[in-house]
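Inside the fold
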Amino acid sequence: MAESKVREFAVQFAVDAVKYCETIKGHYSIVNQLERSATSIGANIHEANYAHGKPDFISKLQIALKECYETEYWLELFVKAEISDKDTVKALYNQCGTIRRILISSINTAKSNL
């Protein structure tokens, strides 16, 4: 999949996550954490397009991948802490999982082309 496609997915995911965060009352510190990690995914993917060589490109994608894992953690916490129900976060969790799988594939491809 082209990098522009994953970038588009990441931007839409960030928008959806920000809109979701706006619906949560209270719990400001963990809402902030979710918002920061969710928006960081796309920012790092965007930065990867301006990397200084292949190792820097891979590094930026790996940071984006770590942010995906962190975002999934916060979404899981929201459900387990009963801040939100599972159905409400399911779409976000699925979007994040899709981006995560694309990033893993992209990282593996980039590493094999070093």
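Going by the structure above, here's the rest.
Below is a short write-up of the structure. (Residues numbered from 1 in each chain as written. Predicted model: local features only at pLDDT ≥ 70, side-chain atom pairs only at ≥ 80, totals over all residues. Heavy atoms only, no water.)

With respect to the packing of helix H3 (residues 54-80) against helix H4 (residues 86-112)
Packing of H3 against H4 leaves a shortest axis separation of 9 Å and a crossing angle of 160 degrees. What the angle tells us is that H3 and H4 run roughly antiparallel. Helix-helix and strand crossings are classified by hand; for H3 and H4 the assignment is left-handed. For the contact of H3 with H4, the residue count by class is 18 nonpolar, 4 polar and 5 charged. (Axes fitted to C-alpha atoms, helices over the stretch in contact; angles between N-to-C directions. Helix = DSSP H or I, 4+ residues; strand = E, 2+ residues; numbered from the N terminus. Parallel < 35°, antiparallel > 145°, perpendicular 65-115°, else oblique. Left-handed = near helix turned anticlockwise from the far one by under 90°. Nonpolar A, V, L, I, M, F, W, Y, C, P; charged D, E, K, R; others polar.)

Notes on the side chain of serine 37
In this fold, serine 37 is placed in helix H2 (residues 28-48). According to the relative accessible area criterion, serine 37 is buried, its value standing at 1%. Within the structure, serine 37 has its side chain in polar contact with the backbone oxygen of leucine 34 (distance 3.2 Å). Beyond its immediate chain neighbours, meaning those up to four positions away, serine 37 contacts Glu67, Glu70, Thr71 and Trp74. (Buried < 20%, exposed > 50% of the residue type's maximum accessible area, 1.4 Å probe, protein only. Polar contact = N/O pair within 3.5 Å; in protein donor to acceptor, adjacent residues only side chain to side chain. Contact = heavy atoms within 4.5 Å.)

Re the packing of aromatic side chains
Tallied over the entire structure, the rule returns 2 aromatic pairs. When the ring of tyrosine 20 is compared with that of phenylalanine 78, the centres are 6.0 Å apart and the planes differ by 55 degrees; the resulting orientation is tilted. With tyrosine 20 in helix H1 (residues 3-22) and phenylalanine 78 in helix H3, this pair connects stretches of sequence that are 58 residues apart. Judged on exposure class, the residue tyrosine 20 and its partner phenylalanine 78 are both buried. When the centroid spacing of 4.9 Å and the interplanar angle of 70 degrees are considered together, the rings of tyrosine 73 and tryptophan 74 count as edge-to-face. Of the residues examined, tyrosine 73 reaches a relative accessible area of 44% and is grouped as partly exposed. (Phe/Tyr/Trp six-rings, centres within 6.5 Å; stacked < 30°, edge-to-face > 60°.)

Examining unusual backbone geometry
In this structure, histidine 27 is a non-glycine residue whose phi angle is positive, near 55 degrees. The residue glutamate 82 is not glycine, and still its phi comes out positive at about 60 degrees. On the secondary structure map, glutamate 82 appears in the loop between H3 and H4. The exposure class of glutamate 82 is exposed, given its relative accessible area of 71%.

Observations regarding the nonpolar core
Grouped together as the largest cluster of nonpolar side chains are 31 residues, with contacts concentrated most on Ile41, Ile45, Ile99 and Leu103. For this core, the secondary-structure elements that each account for two or more residues are H1, H2, H3 and H4. Looking at this core, the element that brings in the most residues is H3, giving 9 residues. Setting aside its immediate chain neighbours within four residues, isoleucine 41 contacts Ala10, Phe13, Ala64, Glu67, Cys68, Thr71, Cys96 and Ile99. (Core = buried A, V, L, I, M, F, W, Y, C linked by side-chain atoms within 4.5 Å.)

Coordinates in, geometry out; function isn't part of it.
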